[in-house]
Amino acid sequence: MLTRIDHIGIACFDLDRTVEFYRATYGFEVFHTEINEEQGVREAMLKINETSDGGASYLQLLEPTREDSAVGKWLAKNGEGVHHIAFGTADVDADAGAIRDKGVRVLYDEPRTGSMGSRITFLHPKDCHGVLTELVTAADPSGQH
Ligand code: V0V
Ligand code: CO
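Numbering of residues starts from 1 in every chain and runs along the sequence as written. Key to labels: chains lettered from A, ligands numbered from 1, both in the order written. The model is predicted, so local features are restricted to residues of pLDDT at least 70 and side-chain atom pairs to those at 80 or more, both for listing and for counting; the totals for chains, interfaces and linings are taken over all residues. Excluded from the side-chain calculation are hydrogens and water; included are all heavy atoms of the structure.

Engineer: Lay out the site of ligand 1 in plain terms, naming residues and giving numbers.
Structural biologist: Working definition: residue near molecule or strand if any one of its non-hydrogen atoms lies within 4 Å of it. As a structural note, the neighbourhood of ligand 1 is formed by 23 residues, with Q39, K73, S115, K126 and E134 the closest of them. N or O atoms closer than or at 3.5 Å make up a polar contact, with two conditions inside protein: a donor-capable atom paired with an acceptor-capable one, and, for residues adjacent in sequence, both atoms drawn from side chains. Within the contact set of ligand 1, an oxygen atom lies 3.0 Å away from a side-chain nitrogen or oxygen of H7. Taken by itself ligand 1 offers 1100 Å² of open surface, and the protein chains cover 71% of this. Segments assigned H or I by DSSP are reported as helices when at least four residues long, segments assigned E as strands when at least two residues long, and all are numbered from the N terminus. Residue assignment for the shell around ligand 1 shows that the elements contributing at least two residues are α2 (70–78), β5 (81–89) and β7 (119–123). Counting residues per element, the shell around ligand 1 draws most heavily on α2, which supplies five residues. We get accessible surface area from the Shrake-Rupley algorithm with a probe of 1.4 Å; when it comes to residues, only the shown protein chains can shield them.

What follows is the structure in structure tokens.
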């Protein structure tokens with residue numbers, strides 16, 4: 001069951017400058033940063049609020065580490081902006097399977113590693129009314145990550 005907005009992924013050209021914009025404009029602080037080589041991103045997670053399922057909602061600021069990555073290609077075509085939305089679930093395998101059974105393309109056979117040790121998969125934007133949609137199970141079973 002999808003129980004929260006886990007994060008909104010925002011593509012940017014310069015992570016440090018974008019982090020500074022969110023800090024100076026809204027007062028949001030960086031909760032976590034990492035490089036995900038498989039996904040080709042350097043990212044910052046800004047925690048916005050905790051959620052009733054024991055998890056939290058974040059903004060995920062994404063800078064590409066290479067031009068041929070998903071975010072690099074998207075930025076070259078569209079410029080900066082909202083890249084994807086991610087829903088949180090306690091069981092990404094079950095939810096991805098159920099959604100696949102409804103005819104929506106799930107991009108990975110098995111979930112891959114996401115931010116803060118989470119397990120993630122993606123639904124094709126063309127099957128989701130133009131929205132690249134991610135499913136996330138947090139590393140911590142309580143959903144607090
Ligand atoms: C592409 N399209 C999108 C889109 N990206 N539509 C909405 N939102 C997006 N973000 C559209 C694009 O305009 C094309 O439509 C069509 O899909 C095919 O796109 P393409 O440019 O030819 O690119 P593809 O097909 O090579 O790749 C698109 C997909 C790719 C979605 C398959 O981006 C992908 O595998 N994404 C999943 C991985 C990912 O995004 N990783 C970065 C975040 P027209 O022009 O044909 O109409 S990593 C992350 O979130 C982490 C680590 C985390 O949360 O922990
Ligand atoms: Co994401």
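Engineer: So what about the nonpolar core? Which residues, and what values?
Structural biologist: I10, C12, L15, V19, Y22, A44, L46, L59 and L61 form the largest nonpolar core, which has nine residues in total. Breaking this core down by element, the ones donating at least two residues are α1 (15–26), β3 (41–50) and β4 (56–64). The element contributing the most residues to this core is α1, with three residues. Discounting chain neighbours no more than four positions away, the residues touching I10 are Y22, L59, Q60, L61, L62, G81, V82 and H83. Here, nonpolar core refers to any group of buried Ala, Val, Leu, Ile, Met, Phe, Trp, Tyr and Cys residues whose side-chain atoms link them within 4.5 Å. Residue burial is assigned from relative accessible area. The probe radius is 1.4 Å, only protein chains are included, and a residue is buried under 20% of its type maximum, exposed over 50%, and partly exposed in between. Membership of the second largest hydrophobic core comes to eight residues, among which are V92, A96, C128 and L135. In this description, contact between two residues means that some pair of their heavy atoms is separated by no more than 4.5 Å.

Engineer: Go over the UniProt feature "domain: VOC" (unreviewed entry) in the protein with me, naming the residues and quoting the values.
Structural biologist: Per the UniProt record, the feature "domain: VOC" (unreviewed entry) sits at residues 4–138. Annotated as 23% helix and 41% strand, the span residues 4–138 places its first and last C-alpha atoms 12 Å apart. UniProt positions are given in the numbering used here, feature names are shortened, and annotations may be inferred rather than shown by experiment.

Engineer: Which residues make up the pattern of salt bridges, and what values go with them?
Structural biologist: Here, a salt bridge means any Lys or Arg side-chain nitrogen found within 4 Å of an Asp or Glu carboxyl oxygen. Evaluation of the coordinates by the stated rule reveals nine salt bridges. When the shortest N-O distance is used, the salt bridge between R4 and D53 registers 2.9 Å. Taken as a pair, R4 in strand β1 (residues 2–11) and D53 in the loop between β3 and β4 lie far apart in primary sequence, 49 residues in all. Of the charged contacts, one joins K47 and E50 as a salt bridge, the two residues approaching to 3.2 Å between their closest N and O atoms.

Engineer: I'd love a proper account of the environment of N36, names of residues and values included.
Structural biologist: Among the secondary structure elements, N36 is positioned in strand β2 (residues 30–36). A relative accessible area of 9% means that N36 is categorised as buried. On a C-alpha basis, the gap between N36 and T65 in space is 8.8 Å, while along the polypeptide they are 29 residues apart. Here N36 is in contact with V41, T113 and G114, once residues within four sequence places are set aside.

Engineer: An account of the coordination of the cobalt ion (ligand 2) is requested, with residue identities and associated values reported.
Structural biologist: Distances from the cobalt ion (ligand 2) to its protein donors, H7 (NE2), Q60 (OE1), H84 (NE2) and E134 (OE), fall at 2.1 to 2.2 Å. With six donor atoms in place around the cobalt ion (ligand 2) and angles of 78 to 171 degrees between them, the coordination shape is octahedral. Coordination partners: N, O, S within 2.8 Å of the metal, 3.2 Å for Na, K and Ca; water not considered, so apparent gaps in a site are possible. Here the donor residues of the cobalt ion (ligand 2) share one chain and are spaced in sequence as H-x52-Q-x23-H-x49-E. Here the residue H84 occupies a position in strand β5, and E134 occupies one in strand β8 (residues 133–137), the gap between them amounting to 50 residues. H84 sits in the buried class, given a relative accessible area of 5%. Geometry is assigned from the angles between donors: four donors with all angles from 85 to 135 degrees make a tetrahedral site, four or six donors whose opposite pairs exceed 155 degrees while the rest stay between 65 and 115 make square planar or octahedral sites respectively, and everything else is labelled irregular.

Engineer: I'd like a description of the packing of aromatic side chains, backed by residues and values.
Structural biologist: By convention here, two paired aromatic rings are described through the distance between centres and the angle between planes. Ring pairs shown here join Phe, Tyr and Trp side chains whose ring centres sit within 6.5 Å, with only the six-membered ring taken for Trp; geometry is labelled stacked below 30 degrees between planes, edge-to-face above 60, and tilted in between. Enumeration according to the criterion identifies six aromatic pairs in this entry. Between F21 and Y26, the ring centres sit 5.7 Å apart and the planes meet at 90 degrees, which makes this aromatic pair edge-to-face. Centroid distance Y22 to Y26: 5.4 Å. Interplanar angle 45 degrees. Geometry classified as tilted. With Y22 and Y26 both in helix α1 and four residues apart, this pair spans about one turn of that helix. Overall, Y26 belongs to the partly exposed group, its relative accessible area being 46%. Each member of the aromatic cluster is reached from another via a ring pair, and the members are F21, Y22, Y26 and F28.

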